[in-house]
Amino acid sequence: QADRRYFADCGSHLRLEIGSGAGVMKETFPDVVTSDVKRLGSVDVVLRAEDLPFRDGSVRAIYGINVFHHVSDPRVFFREAVRALAPGGGLVLIEPHYGPLAHLLFKRLFTQESYEMEVQEWPQHSREQVASDANQALSYVILKRDRAQWEREFPALELVADEPHTHMTYLLSGGVNFRQLVPSGLGELLASLEKRAVFLNPLLALQHTLVIRRRREALPT
């Protein structure tokens, strides 16, 4: 949906998912190229998000679900995105949200990975450090708190959407790495309530979708 809405005038058709893991996206969108940092039976290509094996301007969309906060160096990642993305194409990233409930749960309960909104520097990890040093608040740090700095450093990119979503169903499923907190039998009820409570998403959302588009023309420097 974000692809059709925001990348409609992009000339390329190549779509890439980074950090695909089990490759679930391909079940719904078979044309998406799936990838991960290690060889898995469910992925098409082994690669790192900071080093994409695609020619300049050839990629329409890069998708990442809870992957961005694992990249070893966000600056290198964004530079590589600018290089590989076609003008009018972009990134669709789903990451932990920064609202009150998200801050409470990711900071106090979902502690397998850190959630540090106050960190001063953007991370620069070695490949070996990434898994243990991932900061789930990275999307907030760079694209909310330090957005002005990010825009100065990457003028070819623009943040066109930051949409909070998913709270009750996240607790039902346990998310990516966490234990399930509510009974499975409540699934349909919670999903229905979540749809009705969309106005509460800024407060309750545990995830948010960020859409970052590569400008068709570079801004004057």
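So, here's what we can say about the structure. (Residues numbered from 1 in each chain as written. Predicted model: local features only at pLDDT ≥ 70, side-chain atom pairs only at ≥ 80, totals over all residues. Heavy atoms only, no water.)

### Description of the pattern of salt bridges
Following the criterion strictly, the structure yields 15 salt bridges and no others. In this structure, R60 and D3 form a salt bridge, with 2.8 Å as the shortest nitrogen-oxygen distance. In this pair, R60 sits in strand 4 (residues 59–65) while D3 sits in helix 1 (residues 2–6), placing the two residues 57 residues apart along the sequence. The class of D3 is buried, set by a relative accessible area of 6%. The shortest N-O distance in the salt bridge between E163 and R5 comes to 3.9 Å. Residue E163 is found in strand 6 (residues 157–165), and its partner R5 is found in helix 1; the two are separated by 158 residues along the sequence. Looking at E163, the relative accessible area reads 37%, which means it is partly exposed. (Salt bridge = Lys/Arg side-chain N within 4 Å of Asp/Glu carboxyl O. Helix = DSSP H or I, 4+ residues; strand = E, 2+ residues; numbered from the N terminus. Buried < 20%, exposed > 50% of the residue type's maximum accessible area, 1.4 Å probe, protein only.)

### Examining the pairing of strand 4
Counting buried residues in strand 4 gives 6 out of 7 residues, a clear majority hidden from the surface. In this sheet, strand 4 lies alongside strand 1 (residues 14–18) in parallel orientation, the contact comprising 5 bridges. Within strand 4, the position partnered with L16 by the bridge is I62. As paired elements, strand 4 and strand 5 (residues 85–96) share 6 bridges and run parallel to each other. Each bridged residue has a counterpart across the sheet, and for V59 the counterpart in strand 5 is L85. Handedness of the crossover joining strand 4 and strand 5 through helix 3 (residues 74–84): right-handed. (Pairing = 2+ DSSP bridges. Right-handed = clockwise from strand over helix to strand, strands pointing away.)

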